[in-house]
Amino acid sequence: MALLQISEPGESTAPHQHRLAAGIDLGTTNSLVASVRSGVAETLPDREGHHLLPSVVRYLPSGEHQVGEVALQQAAGDPLNTISSVKRFMGRGVEDVKRLGSVLPYEFIAGESGMPLIRTAAGDRSPVQVSADILAELRQRAEQTLGGELAGVVITVPAYFDDAQRQATKDAGKLAGLKVLRLLNEPTAAAVAYGLDRGSDGIIAVYDLGGGTFDVSILRLNQGVFEVMATAGDTALGGDDMDRAIAAWMMEQAGLGSDPDHGLQRRLLMSARAAKEALTDSEQVELTVALDDGGEWRGMLTRQHMDRLIEPLVRKTLGPCRRTLRDAGLDRTDIREVVMVGGSTRVAKVRSMVGEFFAREPLVDIDPDKVVAVGAAIQADILAGNQPEDDMLLLDVIPLSLGIETMGGLTEKIIPRNTTIPVSRAQEFTTYKDGQTAMALHVVQGERELVDACRSLARFELRGMPPMTAGAARIRVTYQVDADGLLSVTAEEQTSGVQAHIEVKPSYGLSDNEIERMLRDSMDHAEDDMKARRLREQQVEAERVLEALQAALQQDADSFLNREERSAIEQAAAELAELRDGDDHRAIKNAIERLESVSAAYVDRRMNANIRKAMAGHAVDEFK
Amino acid sequence: MSSTLTRNYFELFSLPQQYALERAELDARYRELQRTVHPDRYASAGDQERRLSMQQAAHINEAYQVLRDPLRRGRYLLELRGHRIDDQQTTHQDPEFLMQQIELREALGAIRSQDDPLQALDRLARDIQAQYRALESELARVLDEDEEIGAALTLVLKMQYFMRLQNEVQELEADLEDELC
Ligand SMILES: Nc1ncnc2c1ncn2[C@@H]1O[C@H](COP(=O)(O)OP(=O)(O)OP(=O)(O)O)[C@@H](O)[C@H]1O
Ligand SMILES: [Mg+2]
């Protein structure tokens, strides 16, 4: 709705068609889809009335797969082909996955690009593909419920996800055939749902402990602007770990060895989880686990004892809480409300320890399972252009510093953590050898001084510099992070103008071509489907560009364009309008590009005028 | 009509080009500007417009970071007047100031051996904070009223010392909390 933006209230703009949009909470244990219908954001149930979709996919020898509750039911019976908690592996390499924990109930192999693949009866599957299967299921649910194709979605990610994990999530969205309008941080999404409910300003903390991840964010709310001040967390800490701690205790009690088979492992974990959840309401629970020898182990767990088992895990979340406060420059007493999000905040011990830390009773009255999806749906609705009057704005930050490797294996930070996005920062480097014509750049993310202790995001090279004496070259490296938190890097030698650019794709990520190939493979009539799909995409894009342009021209063509400029734009628009109805996606694409290039100056003038207009009420006499 | 990407930060925010600044006003203008240019406002626009909006939003974020930080704002004003200071630059300060810095550093080094290190650190942090604030108001005076560039440069360099000290205090605080809590 960009160009409609500066219309005065009451002024009519082009009639606007409602676009179907949804928010998706792609969780470690459960996923949800929500949408705004008749002005109310709500999660969408499946046919049986379940809102939560277990994030579990089972692959069958026929090549087919099952998603959700059906798959979960089979988890213990078919552990190797039933994938759960796949979110933990997103954007991770094989080595990382091995480090994640000794108890991985399925088989990993290294894919060609270093991406871990899970061996299943239906073939090898990457975490991105498994996530895409979950997303596709939710997409289908939404499209059936809403009665049409989704124009766009917002997918939530843990605030503490690094670039590789975000990129993997976005790829999964594309693979599921979704137009991803935005990746939104889970705590921010929760704050949106919460903030709009209450409509009050102030500083809040969002504590989000789910199945596999922990985030804490501190936000300032001010008249519809949600400004994240700081965020911290742990992308491998959550209810799953509590289950593991309880399962380990059970194994000890049952006198089982430390190396149970996959099936028993699953049964132990499921029983531990059931016990943990039951202890939210009762003081003690009975435990039973079927053993491999046909026997059974029975035991008893009290809440008090469970509290002791999980206490170290809950304590681990308080470090990030302290860090966010410090990074935001705040005291605990500055926090007006503490919002609890995620299923694991139902655990009494979590509530009491968090309450004690912030010295206030945390808010638990919003359904901690649904709040993230609801917030995402609200933003999706706005981004799709369905709420032109709404001036909600989300200003988020990057959770981890972005840096570059310098001499001696050290990192130099280019963008520090908790910097508001979008952001663009440049730094200059030089050569250290005479006649050096190439320079290797290593992009890393993390807080540590040593490169090896940070996450390696990408390596690339700037080549073809003219030979110069050491120290004479001026290489400007620019990091740009977009509103999704995704990084792209450019390097340019200033004296010669030699350039290199990359979208940062983690070494074990997918290239756009791979995504396209996978998409094609997943379709029955691959070639035709793919063509039809591309055509539709271009038509939608053409529609969007034309609609926005018409509205803009109607408003202010006279103020910003002379007659020649205007007729050039109108001609290019007419050409596009004609091609749009044809069936050549390339021709449409080219026409869009032509139109964008002739209207570039116009777009630029309008945006600058908007900015001046926004500041117009604040004339400053000091300078003219 | 200069492009907003090249205008100076004070002009961009329509604020007087001076050191003293009303924080609430700066914040309010920042929000207004982001409301106008942020990429979320252009989610349904064409690629070109989205790119432009991202550039503008990044520029406004950068400007806001500089203006709201007392040290960076001071450096920026001096830069506008032709005096560039990089953040590593040190100074041949008066011996008294250097003595004071050495003492503060010694105090910082001795924190771990105190009975209640966190509390001792908190006291030291407040002390440093108070001195930093004092430099800030002095800077406002020499820049806005007296226009003494030389004095302003000295003050900014002093503030850099305190800034580094503050960072170390924060690091120590983080370490202590991880160890003790
Ligand atoms: N009543 C309950 N008592 C205790 N724990 C519960 C209860 N209900 C759910 N949980 C736990 O909450 C976790 C799932 O929470 P949630 O659905 O918010 O996570 P998620 O969104 O899938 O994960 P993440 O946000 O980390 O990706 C599981 O570990 C589950 O055992
Ligand atoms: Mg969640």
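This report concerns the structure included in the present document.

What counts and how
- Residues numbered from 1 in each chain as written.
- Chains lettered and ligands numbered in written order.
- Predicted model: local features only at pLDDT ≥ 70, side-chain atom pairs only at ≥ 80, totals over all residues.
- Heavy atoms only, no water.
- Helix = DSSP H or I, 4+ residues; strand = E, 2+ residues; numbered from the N terminus.
- Buried < 20%, exposed > 50% of the residue type's maximum accessible area, 1.4 Å probe, protein only.
- Polar contact = N/O pair within 3.5 Å; in protein donor to acceptor, adjacent residues only side chain to side chain.
- Contact = heavy atoms within 4.5 Å.
- Buried area = accessible area lost by both parts, 1.4 Å probe.
- Salt bridge = Lys/Arg side-chain N within 4 Å of Asp/Glu carboxyl O.
- Nonpolar A, V, L, I, M, F, W, Y, C, P; charged D, E, K, R; others polar.
- Phe/Tyr/Trp six-rings, centres within 6.5 Å; stacked < 30°, edge-to-face > 60°.
- Lys NZ or Arg CZ within 6 Å of the ring centre and 35° of its normal.
- Core = buried A, V, L, I, M, F, W, Y, C linked by side-chain atoms within 4.5 Å.

**Some points on the side chain of R88 of chain A**
Residues and elements named next belong to chain A.
Line of reasoning, step 1. Looking at the secondary structure, you find R88 in the loop between β7 (82-84) and α2 (94-99).
Line of reasoning, step 2. Judged by its relative accessible area of 8%, R88 is buried.
Line of reasoning, step 3. Polar contacts involving the side chain of R88 include one to the side chain of D241, which spans 2.9 Å.

**Re the interface of chain B and chain A**
Line of reasoning, step 1. At the interface, 53 residues of chain B touch 55 residues of chain A.
Line of reasoning, step 2. Summing both sides of the interface, chain B and chain A together bury roughly 4,900 Å²; the carbon and sulfur share of this comes to 52%.
Line of reasoning, step 3. At the boundary of chain B with chain A, the tally comes to 6 salt bridges.
Line of reasoning, step 4. A salt bridge links R326 of chain A to E177 of chain B; the nearest nitrogen and oxygen atoms lie 2.6 Å apart.
Line of reasoning, step 5. Contributing elements (two or more residues each) for the side of chain B that touches chain A: α1 (9-12), α2 (23-37), α3 (47-68) and α7 (149-180) of chain B.
Line of reasoning, step 6. At 15 residues, the largest contribution of residues to the side of chain B that touches chain A is made by α3 of chain B.
Line of reasoning, step 7. Per-class residue counts for the side of chain B that touches chain A are 20 nonpolar, 16 polar and 17 charged.

**Focus on the packing of aromatic side chains**
Residue and element names in this part refer to chain A.
Line of reasoning, step 1. Applying the stated rule across the entire model yields 9 aromatic pairs over all chains.
Line of reasoning, step 2. Between the aromatic rings of Y207 and F214, the centroid separation amounts to 4.9 Å while the plane-to-plane angle is 55°, which identifies the pairing as tilted. With respect to class, Y207 is no different from F214; both count as buried.
Line of reasoning, step 3. When the ring centre of F357 is taken as origin, the NZ or CZ atom of R332, which lies over that ring, is 4.0 Å away.

**Structural notes on the nonpolar core**
Line of reasoning, step 1. Counting 52 residues, the largest nonpolar core has F13, L139 and F162 of chain B as the members making the most contacts within it.
Line of reasoning, step 2. Per element, the largest residue contribution to this core is 11 residues, and it comes from α7 of chain B.
Line of reasoning, step 3. Filtering out sequence-adjacent residues up to four positions away, F162 of chain B remains in contact with F97, Q100, Q101, L104, I128, Q131, Y132 and L135 of chain B.
Line of reasoning, step 4. By size, the runner-up hydrophobic cluster in this structure holds 46 residues, among which are I203, F214, V216 and L287 of chain A.

**Regarding the environment of R425 of chain A**
Line of reasoning, step 1. Checked against the element boundaries, R425 of chain A lands in strand β22 (residues 423-429).
Line of reasoning, step 2. Excluding residues within four positions of it along the chain, R425 of chain A makes contact with I414, I415, P416, T419, V477, T478 and Y479 of chain A together with E62, Q65 and R72 of chain B.
Line of reasoning, step 3. Polar side-chain contacts of R425 of chain A include one of 2.8 Å to the side chain of E62 of chain B.

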